[in-house]
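So the chains spell out like this:
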Amino acid sequence: MNVSVLGAGAWGTTFGQVLADAGNKVTMWGLEPEIVEDINVNHRNGSRLPSVDRLPESMTASNDRAQAVRDAEIVVVAIAAQYAREALAAFAEAIPDDAIVVSLMKGIERSTGARMDQVVREALQLPAQRFAAVSGPNLSKEVAARQPSATVVASSDPVVAKTVAQACTTSYFKAYTSPDVVGLELCGSLKNVVALAVGMCRGAGYGENTAAMVQTRGLAELIALGVASGAQEHTFAGLAGVGDLVATCGSPLSRNYTFGANLGKGLSPEEASRVSNGVAEGVPTTEAMAALGKALGVETPLATAMGRVLNEGLSCGEMLQELFASDVSEE
Ligand SMILES: NC(=O)C1=CN([C@@H]2O[C@H](COP(=O)(O)OP(=O)(O)OC[C@H]3O[C@@H](n4cnc5c(N)ncnc54)[C@H](O)[C@@H]3O)[C@@H](O)[C@H]2O)C=CC1
Ligand SMILES: O=C(CO)COP(=O)(O)O
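By the naming in an unreviewed UniProt entry, the chain is Glycerol-3-phosphate dehydrogenase [NAD(P)+], taken from Bifidobacterium psychraerophilum. Of the chain, the UniProt comment under Subcellular location (unreviewed entry) reads exactly: "Cytoplasm". The record held by UniProt for the chain lists under Sequence similarities (unreviewed entry) the comment "Belongs to the NAD-dependent glycerol-3-phosphate dehydrogenase family."

Rendered as structure tokens:
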């Protein structure tokens with residue numbers, strides 16, 4: 001198939017390689033002219049994905065929006081979540097009327113509280129049947145090294161989910177399908193907030209018990225928010241839920257975990273941001289997660305405490321005390 005990938009960051013480029021390995025013709029669109037040139041001339045993305053020496057020949061890149069999506073049967077979006085709406089508006093006229101649009105993004109829009117399925121569909125005036133979301137335990141460097149990994153493709157249309165899953169299936173990358181778009185979106189975006197908190201505990205020097213406590217209580221928050229939003233509970237027990245939580249909360253390859261670890265070591269959010277290699281989506285999503293909890297009447301002690309870390313400079317010890325402050329209650 002002809003597939004266009006909008007956003008030539010670490011994951012956009014890695015997923016482009018997966019699609020090319022699966023036999024598709026892949027056109028990347030990148031904002032940065034030097035990245036587009038690097039892909040076309042050197043078959044590399046040295047700034048965002050330096051671990052890959054040579055990208056497949058069937059991957060090319062363009063700065064020209066109309067040219068990048070002209071023949072697309074599938075358009076994949078991998079842009080930092082807070083900029084997605086504005087960036088996509090510029091593609092609205094150019095994307096072919098029958099193309100499927102796939103979001104790889106894991107964030108909540110801070111200014112509106114919208115999930116990425118909502119942002120993409122609003123920005124492109126896209127019916128639900130032409131949308132799919134992809135989410136799972138997919139640390140880009142590991143997938144780029146073609147280590148065996150799996151993901152989930154969710155769409156309200158099972159044919160669309162299957163089409164996208166087939167388009168990104170390779171000998172090392174396995175895609176499962178799901179009808180639960182809302183659950184998948186919430187798993188992918190909200191686990192980043194938990195990864196910030198677990199990373200913070202690790203950076204501060206705490207061990208397995210503390211990390212397990214924060215990760216598990218975080219999962220409980222994800223499930224409560226998901227169920228109140230109409231998601232299916234079992235999505236949270238799958239690859240996109242527990243699977244991605246385990247990968248992201250356990251790896252220094254995760255930007256969210258690393259951002260949190262730097263906070264735990266005593267860096268301010270601004271300092272942690274400066275040394276971050278790529279977008280840490282959990283930072284703007286923290287506020288959105290706490291706001292979602294308020295709107296749905298769901299308690300979000302972890303997101304609320306992490307919000308205070310980011311906005312008021314709470315230390316890791318103070319953040320954990322916030323979690324301990326509630327009355328004795330059933331788990
Ligand atoms: N890296 C990973 O392991 C994974 C990342 N994701 C998600 O995929 C999304 C993209 O992540 P990465 O590519 O890794 O991030 P990155 O930080 O490497 O790249 C971000 C991309 O957003 C683009 N961008 C930023 N502002 C823009 C604007 N105003 N207009 C157009 N483009 C703009 C940048 O040019 C860049 O291509 C994020 O939501 C992330 O959570 C999902 C799974 C795995
Ligand atoms: O979502 C990811 C792995 O599944 C990537 O996590 P980071 O965005 O924290 O690097």
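Student: Lay out the overall build of the chain with the relevant residues and their values.
Tutor: Assigned secondary structure in the chain consists of 15 helices and eight strands. Over its C-alpha trace the chain gives a radius of gyration of 19 Å, about what one expects of a compact globule, namely 20 Å for 331 residues. Oriented by its inertia axes, the alpha-carbon framework of the chain measures out at about 60 × 40 × 35 Å. Put simply, the chain has 331 residues, and 55% of those count as buried. Sequence separation of at least 24 residues holds for 71% of the intrachain contacts in the chain that already meet a minimum separation of 6. Each charge class in the chain can be summarised by its mean position, and for the 24 positive and 36 negative side chains these summaries are 4 Å apart.

Student: Lay out the site of ligand 2 in plain terms, naming residues and giving numbers.
Tutor: In the vicinity of ligand 2, the contacting residues are Lys-106, Gly-136, Pro-137, Asn-138, Leu-139, Lys-191, Asp-244, Thr-248, Leu-253, Ser-254, Arg-255 and Asn-256. A distance of 2.8 Å separates an oxygen atom of ligand 2 from a polar side-chain atom of Lys-106. The separation between an oxygen atom of ligand 2 and a polar main-chain atom of Gly-136 is 3.0 Å. Residue assignment for the shell around ligand 2 shows that the elements contributing at least two residues are helix 10 (239-249) and helix 11 (255-264). Of the residues in the shell around ligand 2, the class split is three nonpolar, five polar and four charged.

Student: So what about the UniProt feature "active site" (unreviewed entry) in the chain? Which residues, and what values?
Tutor: UniProt's feature table lists "active site" (unreviewed entry) at Lys-191, given in the numbering used throughout. The class of Lys-191 is buried, set by a relative accessible area of 4%. Setting aside residues no more than four positions away along its own chain, Lys-191 makes contact with Lys-106, Leu-186, Leu-222, Asp-244, Leu-245 and Thr-248.

Student: Quick one: what's the story with helix 5 (residues 116-124), residue by residue and with numbers?
Tutor: Inspection of helix 5 places Met-116, Asp-117, Val-119, Val-120, Ala-123 and Leu-124 among the buried residues, and these make up the whole buried set. One face of helix 5 carries all of its buried residues, which in axial projection span an arc of 165°. On its buried face, helix 5 sits against helix 4 (84-89), strand 5 (100-103), strand 6 (131-135) and helix 8 (181-203). Directly beyond the C-terminal end of helix 5, a positive phi value near 50° is found at Gln-125.

Conventions adopted
- Position labels on residues start from 1 in each chain and follow its written sequence.
- Each chain is given a letter, starting from A, and each ligand a number, starting from 1, according to the order in which they appear as written.
- Residues qualify for local features only when their pLDDT is at least 70, as the model is predicted, and side-chain atom pairs are given and counted only at 80 or more; totals for whole chains, interfaces and linings, by contrast, use all residues.
- The basis for every side-chain value is the complete set of non-hydrogen atoms in the structure, without hydrogens or water.
- UniProt positions are given in the numbering used here, feature names are shortened, and annotations may be inferred rather than shown by experiment.
- For the purposes of this entry, the term helix denotes a DSSP run of H or I that reaches at least four residues, the term strand denotes a run of E that reaches at least two, and both are numbered from the N terminus.
- Here the globule rule reads 2.2 Å times residues to the power 0.38, and the radius of gyration is calculated from C-alpha atoms.
- Throughout, exposure labels follow a simple rule: accessible area from a 1.4 Å probe, protein chains only, divided by the maximum for the residue type, with under 20% read as buried, over 50% as exposed, and the rest as partly exposed.
- Residues are treated as being in contact if the distance between any of their heavy atoms lies within 4.5 Å.
- Counted as positive: Lys and Arg. Counted as negative: Asp and Glu. His and the chain ends are not counted at all.
- One atom stands in for each charge, and that atom is NZ of Lys, CZ of Arg, CG of Asp or CD of Glu.
- Residues are labelled near a given molecule or strand when at least one of their non-hydrogen atoms is within 4 Å of it.
- By the criterion applied in these results, polar contacts are pairs of N or O atoms within 3.5 Å in which, for protein atoms, one can donate a hydrogen and the other can accept it, and in which residues neighboring in sequence qualify only through two side-chain atoms.
- Any residue outside Ala, Val, Leu, Ile, Met, Phe, Trp, Tyr, Cys, Pro, Asp, Glu, Lys and Arg is labelled polar, Gly included; the first ten of those are nonpolar and the last four are charged.
- Directions are taken from the helix axis to each C-beta atom, and the arc is the one they span.

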